[in-house]
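Chain by chain, the residues run as shown.
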Amino acid sequence: MIKKVIYVVLNAFFAALLIYALYIFLMQKNDFDAQKIVQNSALKGKTFEANVEEITLDGGNKAWLLAENSAPLVALEFCFDKSGFAFDDDTTQGLAQMAAEILSYGGGRYENTRLNDLLEENAIELDFKVSSDAFFVSMTTPKNNIKLAFDILKDVLFLPHLKPEHLEIVRRKQLTAIDMQNEKPEKVLNKEFKKVFYGSHPLSRSALGLKEDVEKIDIADLKNFYQTRFVGDNLIIAVAGDVTKDEAAHLLNGLFSDLPSSSESKNLLEPDANYQFEEYNINRDMPQVLAHFVAKGVKRLDDDFYALYIANEIFGGSGLSSRLNLIAREKEGLTYGAYTYLNDNKYAPMIEGSFATSKENYQKMRQILLEEWQKMADFGVTKSEFEAVQNNMLTSFNLRFMSLPDIASQLLYMQKKHLGLDFLKKRNEYVKNTTLNQVNAAAKKYFAIKPAVLTIGNN
Amino acid sequence: MFFALNARAELFDAKEMYLNNGLRVIVSENHKAPVAKVVLFYKVGAIDEISGKSGLAHLLEHLMFRGTKKVPASNLNEIMHQNGVEYNAYTSADLTAYHETVDISRLELVLFLEADRMTNLDISDEAFEGEQKIVFEERQQRIDNNPKSLFNEEVHHILWQNTPYAHPIAGFKDDIKRLTKEDALDFYRRYYAPDNAVLVISGDITPKEGFELAQKYFGKIDKKSDIQRRFDDDFSAVLSGGKYQIEKYLEHTNRKNIVLRYVAPSVLTDPKKAYALALFSSYFGESQNSYLKKQLVEKGKLVEASCSADIYSRGPGTFYVAALPIKNSDDVQNFAVLSDALKQAIERLMPEDVEKEKNKNMSWFVYIKDNPEDAAFFLGKMAALGFGLEDIQNYEKNIENVSFDDIQNTVREMIEKSKNVYTLCAPKEEL
């Protein structure tokens, strides 16, 4: 009897133990809850205090400043709009790029060797570059060298030496780069894409320009470039770092004191962009096929911007968790990655995308792209996909303030795109106010027409 | 002189501690914005692969995104995305790094995820096969599509012959196809452990908070203690000699380019010489006023020229000089131009040049205070190579202590004794 009782008790005990062990095991398997970790985290979310101030300069130009003294550094970014390579004359294609390159060979009181010694010894970073529409200047300097940095910049920018021997160095480099444009398949594809998309419009050009033009561009062309492009009407300015509003105003007034206010700067004609060209292939012997595709997008201030931005993130913009990558990369292993992004340029906004895949996989990959594209138009996105992207945009907001050059670039972009001085205060509201219905309407509208595809390889 | 480094004692506001399981944790403060950079370095890379299994370290890096017992399948990507995390990973010859940029409110979450995949990796056969195909496509995209990249891989192999550095990080095509899930898990079990890793948290956080979080999420993971490295550190064959010259005529190549590569000292094989070489490299070809630009590019003997000293490696480092010759230049002369420049530069070097170069090099450290990402990678890489925090914080001393004689001796010795490979890449059909 007692034996039996012990037996039953023991059995019950082991059964309970087993259930408990199973419970622990299951709990361990399921004890992960990302939301819970975030909610219980001792480190709570804070929003970066982005107090952007506007400075009015003597000549009437505005500069945007974010004063921030966590490191003894100052970042300055400015650009002359309507001065990029698409604004080069038809017979001087490549001029803007040469005008940017030759500035690092000295100006005013600073001869080539001395200039570059001073920049390095004082840790002043100075960079000139051109895009299709603007000429960009960026400078980062330790605070204690800021006066020297602005002195140097003023001489280099407005009193460039433009010595013939330096022009020849710049010319040689640019002609070599033009020759090498066809070496990498990505570059060939990109060049061809601009040609088919923009036709003969100046936006189809490359920054490097044409060999025959670069061969004969001379000092007079460069002088003419600076005189007509470096004017107040074209200027947009941003500053971030360890500097007060008064200090910044003083430095910028000094820098731009001799700047003429206006010139007859031209506008580009509206391009007749070809969003629906027939698919074709550039033949090249290589193991993969690279594809570039395009469809109509929206300008930055369009009412559909945020809705389409979110739709695109879900489709192909968000990296490894986008629909395109979940199917083509993760499920099928067809590609190292397929990506899409919004190109919000003001002339011909696009949804652009690209992928690379072994040539035997190309048809399958292409089919996935077109099927998923169609699904966006037909069925839109789900609530959980929508919320995931919205969450992403809100929680990644602060990442744009990582470094001072990042912040200055951000302020410049805000002005170029006319987002408003208070954009950083309002941006999260714009995201929160975008609804699932708006996203689905945008998906339906912009994914209705299938993308035009261009490839390189021998598929 | 021009000592811009007025805040040098605080180059990094960093503190470190070791957890009981051996995990080294470094916290670097930067309170500009409520963000943080997390970098987890594992002391394992392509040089730890055995021959025939090249690409394994890189494939495993990919598999680390394919699921654990707690965060199955590709949930990791979904969670990272939903929480606004910018994340990635890379594999080098020496190290493997996983890194995240996060809003401070998501720091705990990514620490949980990193700790979880340090020990709980659990991948299905399908995930393994899928990722094997993906790394194959990655290799084709990065290397095989482009004849110059493929050629560089061959040259790399010639320079490092039978040493572990000969492995291409992406892996040889045939090797990638033969790798098995068991290979990957074996590699994982062997090298992924707290006592073979360095965790850096850089950003809006105090050391105390950082250490507590590291303890909370990584503290319970068991140490490995006896990591059996397969890394073979016999580099005598490449450190002493052999000079190779290779000419190759390639498709899709429109201009000639020439490269001279030397096996060189590294911060681990010979720190004094490595820093001497780094300073020389800066003098010789890294800036617009360097010897190569002034004497060759500005005088029209080359279109472009530059050099670099790759000194942060577990084995020997590499010194490269690369140039674009003038059109229609003579191939025999091109080689002479580079090798003579190297010899002449070291003959003409003056003690004052060295002092100037030191000041320039040290002045840039001020920027590390601005960007928590740069700080995290620099701290993490040096720590993973085995340097103490004090050494890293006093990093400028390494440069300050280089003497004029150190540079002359190091460069002369390298030119005379080290293995080197000179290559000329030319268009298959002259333009």
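The shown structure was predicted, so the numbers you read here are calculated from the model rather than taken from an experiment. (Residues numbered from 1 in each chain as written. Chains lettered and ligands numbered in written order. Predicted model: local features only at pLDDT ≥ 70, side-chain atom pairs only at ≥ 80, totals over all residues. Heavy atoms only, no water.)

**Some words on the overall build of chain B**
When you go through chain B residue by residue, the secondary structure sums to 17 helices and 11 strands. Whereas a compact globule of 431 residues would reach a radius of gyration of roughly 22 Å, chain B reaches 23 Å, a difference of no more than 12%. Reported as C-alpha extents along the three principal axes, the dimensions of chain B are approximately 65 × 55 × 40 Å. Taking all 431 residues of chain B together, 61% fall into the buried category. Considering only intrachain contacts with a sequence separation of at least 6, the fraction spanning at least 24 residues in chain B is 82%. Accessible surface for chain B amounts to roughly 16,400 Å². Of this, 48% is attributable to carbon and sulfur atoms. For chain B, the distance from the average site of its 54 positive side-chain charges to the average site of its 67 negative ones is 2 Å. (Helix = DSSP H or I, 4+ residues; strand = E, 2+ residues; numbered from the N terminus. Rg over C-alpha atoms; globule rule 2.2 N^0.38 Å. Buried < 20%, exposed > 50% of the residue type's maximum accessible area, 1.4 Å probe, protein only. Contact = heavy atoms within 4.5 Å. Areas by Shrake-Rupley, 256 points an atom, 1.4 Å probe, with all protein chains shown as cover. Lys, Arg positive; Asp, Glu negative; His and termini not counted. Charge placed at Lys NZ, Arg CZ, Asp CG, Glu CD.)

**Quick look at the overall build of chain A**
Regarding its fold elements, chain A presents 17 helices and 13 strands. Dimensions of chain A along its principal axes, counting C-alpha atoms only, are 115 × 55 × 40 Å. Looking at chain A residue by residue over its 459 residues, the buried ones come to 55%. Put simply, chain A shows about 20,800 Å² of open surface, and 53% of that area lies on carbon and sulfur atoms. Of the charged side chains in chain A, 53 are positive and 61 negative, and the gap between their average positions amounts to 6 Å.

**What to know about the domain arrangement of chain A**
Residues and elements named next belong to chain A. Once the domains are mapped, chain A shows domain 1 (2-40), domain 2 (53-255) and domain 3 (280-457). Using only C-alpha atoms to locate each centre, domain 2 and domain 3 end up separated by 30 Å. Counting residues at the interface gives 38 residues for domain 2, matched by 29 residues for domain 3. Where domain 2 abuts domain 3, roughly 2,800 Å² becomes buried across the two surfaces, and 78% of that area is made up of carbon and sulfur atoms. Among the residues of domain 2 in contact with domain 3, Trp64, Leu189 and Phe193 are the three that bury the most area, contributing 27% of the side total. (Domains from an automatic or database assignment. Buried area = accessible area lost by both parts, 1.4 Å probe.)

**Brief notes about the interface of chain B and chain A**
Chain B puts 82 residues into the contact, and the matching count from chain A is 85 residues. In this assembly, chain B packs against chain A so that about 7,300 Å² is buried in total across both faces, 56% of it on carbon and sulfur atoms. Considering only the surface of chain B that becomes buried against chain A, Lys32, His81 and Asn145 of chain B emerge as the three largest contributors, covering 10% of it. Across the contact surface, chain B and chain A share nine salt bridges. For Glu131 of chain B, the salt bridge identified is with Arg329 of chain A, shortest N-O distance 3.4 Å. (Salt bridge = Lys/Arg side-chain N within 4 Å of Asp/Glu carboxyl O.)

**Points about the packing of aromatic side chains**
Under the counting rule described, the total for this entry stands at 49 aromatic pairs over all chains. Between Phe48 of chain A and Phe401 of chain A, the aromatic rings sit 4.2 Å apart at their centres with planes inclined by 20°, giving stacked as the arrangement. Here Phe48 of chain A is found in the loop between helix H2 (34-40) and strand S1 (53-56), whereas its partner Phe401 of chain A is found in the loop between helix H14 (383-395) and helix H15 (404-416), with 353 residues between them in sequence. With respect to class, Phe48 of chain A is no different from Phe401 of chain A; both count as buried. On the basis of an interplanar angle of 85° and a centroid distance of 5.0 Å, the ring pair of Phe378 of chain B and Tyr395 of chain B is categorised as edge-to-face. (Phe/Tyr/Trp six-rings, centres within 6.5 Å; stacked < 30°, edge-to-face > 60°.)

**Some thoughts on unusual backbone geometry**
Positioned with a positive phi, Lys82 of chain A is a non-glycine residue whose angle comes to about 55°. Take Lys82 of chain A: it is sitting in the loop between strand S3 (73-81) and helix H3 (95-101). Phi angles above zero are rare outside glycine, and Gln161 of chain B is one such case at about 25°. Note on placement: Gln161 of chain B falls in the loop between helix H5 (147-160) and helix H6 (173-178).

**Examining the environment of Trp64 of chain A**
Residue and element names in this part refer to chain A. Mapped onto the secondary structure, Trp64 falls in strand S2 (residues 62-67). Those residues in contact with Trp64, other than ones at most four positions away along the chain, are Val52, Glu53, Glu54, Ile237, Ala238, Val239, Leu411, Met414, Gln415, Gly420 and Leu421. Here the side chain of Trp64 touches Glu54 through a polar contact of 3.0 Å, side chain to side chain. (Polar contact = N/O pair within 3.5 Å; in protein donor to acceptor, adjacent residues only side chain to side chain.)

**Quick notes on the sheet that holds S2 of chain A**
Residue and element names in this part refer to chain A. Judged by pairing direction, the sheet is mixed, and its six strands sit side by side in the order S1-S2-S8-S3-S7-S6 without closing on themselves. This sheet does not close on itself; its edge strands, each paired only once, are S1 and strand S6 (125-130). Strand-to-strand twist across the sheet, computed as the mean angle between neighbouring axes with direction ignored, equals 15°. Note that S3 and strand S7 (residues 134-142) share nine bridges and pair antiparallel. Residue pairing across strands places Ala75 opposite Thr140, the latter belonging to S7. (Pairing = 2+ DSSP bridges. Axes fitted to C-alpha atoms, helices over the stretch in contact; angles between N-to-C directions.)

**Structural notes on the packing of helix H4 (residues 112-121) of chain A against helix H13 (residues 351-363) of chain B**
Direction vectors running N to C along H4 of chain A and H13 of chain B enclose 50°, while the axes themselves pass 8 Å from each other. When the interaxial angle is binned, H4 of chain A and H13 of chain B end up oblique. Facing H4 of chain A, whose interface residues are Asp117, Glu120 and Glu121 of chain A, H13 of chain B presents Lys356, Lys360 and Ser363 of chain B. Classifying every residue of the contact of H4 of chain A with H13 of chain B by side-chain character gives no nonpolar, one polar and five charged. (Parallel < 35°, antiparallel > 145°, perpendicular 65-115°, else oblique. Nonpolar A, V, L, I, M, F, W, Y, C, P; charged D, E, K, R; others polar.)

**A word on the sheet that holds strand S2 (residues 24-29) of chain B**
All names here are of chain B. Read from one edge of the open sheet, six strands run S1-S2-S6-S3-S5-S4, paired in mixed fashion. Each edge of the open sheet carries a strand with a single partner, namely strand S1 (14-18) and strand S4 (86-91). Adjacent strand axes in the sheet meet at a mean angle of 15°, parallel and antiparallel pairs treated alike. Bridge count between strand S3 (residues 35-42) and strand S5 (residues 96-103): eight bridges; the pairing is antiparallel. Paired with Leu40 across the strands is Tyr98, a residue of S5.

**Description of the pattern of salt bridges**
Per the counting criterion, the structure on display carries 56 salt bridges over all chains. With a closest N to O distance of 3.1 Å, Asp117 of chain A and Lys360 of chain B form a salt bridge. A residue pair is termed interchain when its members come from two chains, as with Asp117 of chain A in helix H4 and Lys360 of chain B in helix H13. Given the relative accessible area of 3%, Lys360 of chain B is considered buried. Through salt bridges that share partners, Asp117 and Glu120 of chain A together with Lys356 and Lys360 of chain B make up one connected network.

**Description of H14 of chain A**
Taking 1.5 Å of rise per residue, 13 residues should cover 18 Å, and H14 of chain A covers 18 Å from first to last C-alpha, within 8% of that figure. Taken as a whole, H14 of chain A has its buried residues at Phe386, Ala388, Val389, Gln390, Asn392, Met393 and Thr395 of chain A. (Expected span 1.5 Å × (residues − 1).)

**A word on the confidence of the model for chain B**
Overall, the prediction assigns chain B a mean pLDDT of 93, with 97% of residues at 70 or greater. Every residue in residues 1-9 of chain B is under pLDDT 50, and counting partners more than four places away or in other chains gives 18 contacts. (pLDDT = per-residue confidence, 0-100.)

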